[in-house]
Amino acid sequence: MAGRSVVVGVGHYLPERIVPNSEFEETLDTTDEWIKSRSGIERRHFAAEDENTSDLATNAAEAALADAGLTADDIDAIVLATSTADLTFPSAATMVQARLGMTKGFAFDVQAVCAGFVFALSNANALIVSGQAKRVLVIGAETFSRIMDWSDRSTCVLFGDGAGALILELQDGAGTAQDRGILATDLNSDGRYKDLLYVDGGVSTQSTGHLRMQGNQVFRHAVEKLTKTAETALERAGLGNADVDWIVPHQANIRIIQGTAKKMGLPMENVVVTVQDHGNTSAASIPLALSVAKQRGQIKQDDLIVTEAIGGGLAWGSVVLRW
Ligand code: UT7
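Residues numbered from 1 in each chain as written. Predicted model: local features only at pLDDT ≥ 70, side-chain atom pairs only at ≥ 80, totals over all residues. Heavy atoms only, no water.

Student: So what exactly am I meant to see when it comes to helix H8 (residues 254–263) here?
Tutor: A turn of α-helix holds 3.6 residues, and therefore any two residues three or four places apart point the same way. For H8, the complete set of buried residues consists of Ile-254, Ile-256, Ile-257, Thr-260 and Ala-261. Each buried residue of H8 sits inside an arc of 165 degrees when the element is viewed along its axis, so together they form one side. Of the residues one or two after H8, Gly-265 is the one with positive phi, at around 75 degrees. (Buried < 20%, exposed > 50% of the residue type's maximum accessible area, 1.4 Å probe, protein only. Helix = DSSP H or I, 4+ residues; strand = E, 2+ residues; numbered from the N terminus. Arc of directions from axis to C-beta.)

The structure is reproduced here in structure tokens:
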């Protein structure tokens, strides 16, 4: 017997405003063709002025609760992955907790930029298997539109806003790779690569700052590190690449997604792709993709899923779970 963190609900929220690539042609020296061919992105959603990360997160959480047939009273903890919280403090997670009407348990944010959801899932799983919580709401929510430099064509066309949420529940498993739930995780970071992707401001430097990225340098690390972390987590679970039903990758660039699938020896038919519609939503991209994939009828119960993500830090990791 083994305690497993099983997904019992999933949901997402996207802000109403959809911005097609063509809109950037009006203000920047760029084209729809360049953005599409270099990144796979066709459109993204941007939050309204009065819409903040905790609003997006609350909407996604409510959708996940409805999907699970649960209420906030059934949740013991909220782990929210974001790099764009509404306020310096309190955490966006506690703001969501209040909005859901949840007056017990605990809530906190996790910050690992684009790898944030993988870090949040791994932490939520640790809370569950160590007996500290029975049901955890795990959210990825971002408003990266707030940290864009709108004059920098190499970054501002790539990112979008959104939120996704999962509910993990403690269930008994046999302790084998056939169990439902999280089977293995792998987390990594290497702070020597800070300058490849960072925001040039923050509380301690007394500014908000803008996202700065050496895109081609991040790209150089991405396929190799993502393949390695996915294969490490699969091996920890006692599984191999051929066992994977779905890769649900961080949605930053279609060429990174394709390169990683190819390196893992898996066809694109086994990959969930949403980057064309959402752009890069950082920590929100994986739960958004999981929720959309379920709606599309791609992911079904007992499917083996491997998620992988890399971003600022650099920080990267992977989670293997059976749906
Ligand atoms: O989620 C966090 C992790 N982040 C990522 O995974 C992002 C990883 N990187 C990427 O996705 C890609 O590197 C980009 C999409 C950012 C860029 O693609 P690339 O093929 O690596 O292009 P590049 O940066 O090498 O730039 C090629 C050219 C440059 O011009 P020169 O120097 O060759 O004359 C850029 O100035 O494309 C130019 N360029 C643009 N041209 C038109 C950069 N941005 C644009 C643009 N429109 N928006």
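Next comes the rest of the account.
Student: Help me understand the domain arrangement of the protein chain, please; the structure alone is not making it clear to me.
Tutor: It is common to give the size of an interface as the accessible area that goes away when the parts come together. Each domain of the protein chain was delimited in the assignment, giving domain 1 (2–173) and domain 2 (181–322). The C-alpha-based centres of domain 1 and domain 2 are spaced at 14 Å. Listed by partner, the interface residues are 52 residues for domain 1 and 48 residues for domain 2. Surface buried jointly by domain 1 and domain 2 totals about 3900 Å² across both partners, of which 65% is contributed by carbon and sulfur atoms. The largest per-residue losses of area from domain 1 upon contact with domain 2 belong to Cys-114, Val-118 and Ile-147, which jointly make up 16% of the total buried on that side. Our count for the contact surface shared by domain 1 and domain 2 stands at 3 salt bridges. Scanning the region where domain 1 abuts domain 2 turns up 16 residue pairs in polar contact (both at pLDDT 80 or more). Elements supplying a minimum of two residues to the side of domain 1 that touches domain 2: strand E1 (2–13), helix H2 (32–39), strand E3 (43–46), helix H5 (116–129), strand E6 (135–143) and strand E7 (161–173). With 8 residues, the single largest contributor to the side of domain 1 that touches domain 2 is E1. Residue classes in the side of domain 1 that touches domain 2 are distributed as 25 nonpolar, 17 polar and 10 charged. (Domains from an automatic or database assignment. Contact = heavy atoms within 4.5 Å. Buried area = accessible area lost by both parts, 1.4 Å probe. Salt bridge = Lys/Arg side-chain N within 4 Å of Asp/Glu carboxyl O. Polar contact = N/O pair within 3.5 Å; in protein donor to acceptor, adjacent residues only side chain to side chain. Nonpolar A, V, L, I, M, F, W, Y, C, P; charged D, E, K, R; others polar.)

Student: What exactly am I supposed to notice about the site of the ligand here?
Tutor: The ligand sits among 23 residues. The nearest are Thr-30, Arg-38, His-250, Asn-253 and Asn-280. In the environment of the ligand, an oxygen atom lies 3.3 Å from a nitrogen or oxygen atom belonging to the side chain of Asn-216. His-250 places a side-chain nitrogen or oxygen 2.8 Å from an oxygen atom of the ligand. Looking at the shell around the ligand, the elements with two or more residues in it are H2, helix H6 (153–156), helix H7 (215–236), H8 and strand E12 (304–311). If you tally residues by element for the shell around the ligand, the top one is H7, at 4 residues. Looking at the shell around the ligand, its residues break down into 11 nonpolar, 8 polar and 4 charged. Taken domain by domain, the shell around the ligand gets at least three of its residues from each of domain 1 (2–173) and domain 2 (181–322). (Near = heavy atom within 4 Å.)

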